[in-house]
Every structure is written in C-alpha cells, then in structure tokens.
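# Inside the fold
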Amino acid sequence: MESYLNSWCVVFVLLGLAVSVTKAQQVPCYFIFGDSLVDNGNNNGLVSFARANYFPYGIDFGGPTGRFSNGRTTVDEIAELLGFNDYIPAYNAVRGRQILSGVNYASAAAGIREETGRQLGQRISFSGQVRNYQNTVQQVVSLLGGETQAADYLKKCIYSVGMGSNDYLNNYFMPTFYSSSRQFTPEQYASDLISRYSTQLTALYNYGARKFALIGIGAIGCSPNALARSRDSRTCDERINSANQIFNSKLRSLVDQLNNNHPDAKFTYINAYDVFQDMIKNPSRFGFRVTNAGCCGIGRNAGQITCLPGQRPCRDRNAYVFWDAFHPTEAANIVIARRSYKAESPSDAYPTDIAGLARL
C-alpha cells in the first residue's frame, strides 16, 4: 500500500513539474507589422502574385495558410516563447475579443515606401498596416470601456516591426520597375527609409504602443535568388548586403534616438542580419547542410523561380536554411526567433532582447 501511495506521490510531483514548465503569458498582447517573412494570411484575399495560400507552403503546418514557409514563422515561435496558447491571428481573420491577444498586420511584398512591391499587385504598405492597427485600437477602446483602460492595456503589449526588405528586393534593386536606385545613393536611400519608418513608429506610439522590437533586415544578398545570379552559386551579392547593412546601422541608431525622445517607451533592435549570417557560415552548428539553395523552387539554386503550386519540395526540410527563393524554413525561423527572444550573443539584440522587453 505504501509503495502504491509513493508511486502516486511521484506522479503528482512530476505533473506539478510539467505544469510549472508551461510558460505563463508574459504580455497581454502581441502586435506584428511586416512583410512576407511574417505574413500569416493577410494577402490571401488580395489580387497579388505575393501569396502563399497553396501547397506545398504549409506542408509542415497542416496545410497552407498564407505563411511563406513550410511551417512556422519567427513570430509564431516568438508567440509561443511569450507564453501565448495560440498563434496571433491575421488582421483579415481576427474577430471580436480575439484582438485583445494581438493582431498580425503583415503583408507580403509590403514596404516602407508606398510604391514598393507594386509590380506584384495588391499589398498593405507599412502605413496601411498602421492604419489597420488604429482601427483595432478603436475596437480595444470599445471592448475595455474607455481610452484610459485601453492605453493602460496596450502599453504592456509587444509591438514587433520588421519592414524594409522589400524596399530593397522589390524596389531599389529592381531598376526596371523603379527609379529609386537612380535617385538615391544607398546611404541616401537608407536615410529616406528610416525617416519614413520613424514617422510610422511615432503613429504607433501615439496610439498606445510602448514596447517595440524593431527587426533588422536579413542578408538579402545571400538568398537563393541572389546566389542564382552569382558565378559560383555560392558567393553572396555584397552590393545588396552592403545596402542592407547601411539600413540596419541607421535602424540601430534610430533605437537610441527614440529611447531618448520617449522615456515612457522602450525600443530595441533585433539583429536578424548577423543571426542569419551565423547560420550560413556555421550551418552544422544548427543542423543545416544546405545554405545556398531553396528547398522548393525552380532553376539555379532552386531560386530563380519561387515555389510553384503543387511542386514537390525537398524531403529533409530541416537541413535547409531556405524554404524557397527568399524565405527561411521553419527550422531557420526557429533559430532566429529564439535568439530574438533570448539573445545568445551580445550582438543579437540592442539594448535588450524580446524577453527583456516583455519584463519591463
């Protein structure tokens, strides 16, 4: 009898430990602004070539949702790390009190500049995403019973902003469609983008946002699409990467400026560029074998034409950094998300990581 009772005591202790390991939700809500790296379905109903609501996208997610990956995106993983029980819903699908947990406004092909991505069709630019957030805030005010209650609630939430990739990929480095590379040097263009970026962040601040994670641009010049144009299929396009680094440097400086100007808010910079470079330079450390080709795509490096409807992807998707011509696999997204949430290197986040931001 005693051994029977002892066995049950052990079971209860183990159950208690399991419950304690389950993360408590660290913030009441999580709002997401971005492009195809984090879009989870907002482009599904748009007249656009920038859509991923078809197989094999979502092959490891239970089916296509509009996510540009085989599975989860970085913000899906970060939502889990923050203790949310479910993924943050897309703006075009969120209903009622769901908005109190946060909303994902991201739109594939969207940029900081209004014209960015226009050759791909409809998309929701950064300013359009901010307007959608402002509509959400009006609903939060109604649900919580007033502006004071809404402000007190929203100031505790995390605001993730990852914009700028398309302003290079689908604007500056696409001279056939856009004149920006003839109008601006890379330095001038980055300054223009940061000025516009700052304006939209101020709009978010004026509508209650106080905890900002600003995600830097990755190494676009190392994408399979860029590598497909190189002589050896392995050498990154340093012209693109250099321009991306100029933007990131200015974004990091903007964080200092905004923190000085808004003492009641906290802005932090997430260094996605170096995290991505770490995976490309040290793939075996993360379990990757293929860094220069997409798991699903056509042509050189499987990067000249992105993943087509019904196409058969690679089998060992966890061995690939890239899912298609431009976007990471779920495995790579998880690495980026975990280092964004909890920095492994002092350069991963500045001045704090997302876990630190949540604690403030």
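In case you missed it, the structure is sitting above this.
Computed from a prediction, not measured in an experiment: that's the story for all the values here.

This part is about the overall build of the protein chain. Counting secondary structure elements, the protein chain contains twelve helices and nine strands. Relative to the globule expectation of 21 Å for 360 residues, the C-alpha radius of gyration of the protein chain, 21 Å, shows essentially globular dimensions. Sorting the 360 residues of the protein chain into buried and exposed places 57% on the buried side. For the protein chain, the share of sequence-separated contacts (at least 6 apart) that also reach a separation of at least 24 residues comes to 72%. Taking the average place of the 34 positive charges on the side chains of the protein chain and the average place of its 28 negative ones, the gap between the two points comes to 3 Å.

This part takes up the state of the cysteines. Under the definition given, this model contains four disulfides. Each sulfur in the disulfide pair Cys29 and Cys157 lies 1.8 Å from the other. Of the two residues, Cys29 sits in the loop between helix H1 (2-21) and strand S1 (30-33) while Cys157 sits in the loop between helix H4 (147-154) and strand S2 (158-161), which places them 128 residues apart along the sequence. Residue class for Cys157 comes out buried when judged on its relative accessible area of 0%. The disulfide bridge from Cys295 ends at Cys314, spanning 2.1 Å between sulfur atoms. The S-S bond linking Cys295 to Cys314 shows a torsion near -105°; that makes this disulfide left-handed. Of this pair, Cys295 sits in the loop between strand S5 (290-294) and strand S6 (297-298) while Cys314 sits in the loop between strand S7 (305-306) and strand S8 (320-322), placing them 19 residues apart in sequence. When sorted by exposure, Cys295 lands in the same class as Cys314, which is buried. Cysteine pairing for the protein chain, with bonded cysteines counted in sequence order: 1-2, 3-4, 5-8, 6-7.

Taken as a whole and assessed by the stated rule, the structure comprises 26 aromatic pairs. Seen in terms of ring centroids, Tyr133 and Tyr159 are 5.6 Å apart; in terms of plane orientation they differ by 90°. Their pairing is edge-to-face. Here Tyr133 is found in helix H3 (residues 126-144), whereas its partner Tyr159 is found in strand S2, with 26 residues between them in sequence. Considering the side-chain rings of Tyr168 and Phe247, the 6.2 Å spacing of their centres and the 80° angle between planes classify their relative orientation as edge-to-face. Residue Tyr168 is found in helix H5 (residues 165-172), and its partner Phe247 is found in helix H9 (residues 238-261); the two are separated by 79 residues along the sequence. Accessibility assignment for this pair places Tyr168 and Phe247 in one class, buried. Its end group placed over the ring of Tyr350, Arg252 keeps NZ or CZ at 3.7 Å from the ring centre.

For the rest of this paragraph, the subject is the packing of helix H10 (residues 272-281) against helix H11 (residues 330-341). Put simply, H10 and H11 touch, their axes get as near as 10 Å, and they point 135° apart. Regarding the angle of H10 to H11, the classification is oblique. At the point where H10 passes H11, the crossing takes the right-handed sense. Contacts between H10 and H11 involve Val275, Phe276, Asp278 and Met279 from the first element and Ala332, Val335, Ile336 and Arg339 from the second. When grouped by side-chain class, the residues that make up the contact of H10 with H11 number six nonpolar, no polar and two charged.

In this section: the packing of H5 against helix H7 (residues 186-206). At their nearest, the axes of H5 and H7 sit 11 Å apart, and the two run at 130° to each other. By the angle between their directions, the pair H5 and H7 is classed as oblique. At the point where H5 passes H7, the crossing takes the right-handed sense. Of the residues in H7, those in contact with Asp167, Tyr168, Asn171 and Tyr172 of H5 are Pro186, Tyr189, Ala190 and Leu193.

With that settled, consider unusual backbone geometry. Going from Phe55 to Pro56, the amide bond is cis rather than trans, its omega being 15°. Here Pro56 is to be found in the loop between S1 and helix H2 (74-81). The residue after Tyr350, namely Pro351, is reached through a cis peptide bond having omega 0°. By secondary structure assignment, the location of Pro351 is in the loop between strand S9 (349-350) and helix H12 (354-359). Even without a glycine there, the phi angle at Ala109 is positive, about 75°. Topologically, Ala109 is positioned in the loop between H2 and H3. When its relative accessible area of 6% is taken as the criterion, Ala109 is described as buried. Phi at Asn301 takes a positive value of approximately 60°, unusual for a residue other than glycine. On the secondary structure map, Asn301 appears in the loop between S6 and S7.

Analysis parameters
- Residues numbered from 1 in each chain as written.
- Predicted model: local features only at pLDDT ≥ 70, side-chain atom pairs only at ≥ 80, totals over all residues.
- Heavy atoms only, no water.
- Helix = DSSP H or I, 4+ residues; strand = E, 2+ residues; numbered from the N terminus.
- Rg over C-alpha atoms; globule rule 2.2 N^0.38 Å.
- Buried < 20%, exposed > 50% of the residue type's maximum accessible area, 1.4 Å probe, protein only.
- Contact = heavy atoms within 4.5 Å.
- Lys, Arg positive; Asp, Glu negative; His and termini not counted.
- Charge placed at Lys NZ, Arg CZ, Asp CG, Glu CD.
- Disulfide = S-S within 2.5 Å.
- Phe/Tyr/Trp six-rings, centres within 6.5 Å; stacked < 30°, edge-to-face > 60°.
- Lys NZ or Arg CZ within 6 Å of the ring centre and 35° of its normal.
- Axes fitted to C-alpha atoms, helices over the stretch in contact; angles between N-to-C directions.
- Parallel < 35°, antiparallel > 145°, perpendicular 65-115°, else oblique.
- Left-handed = near helix turned anticlockwise from the far one by under 90°.
- Nonpolar A, V, L, I, M, F, W, Y, C, P; charged D, E, K, R; others polar.

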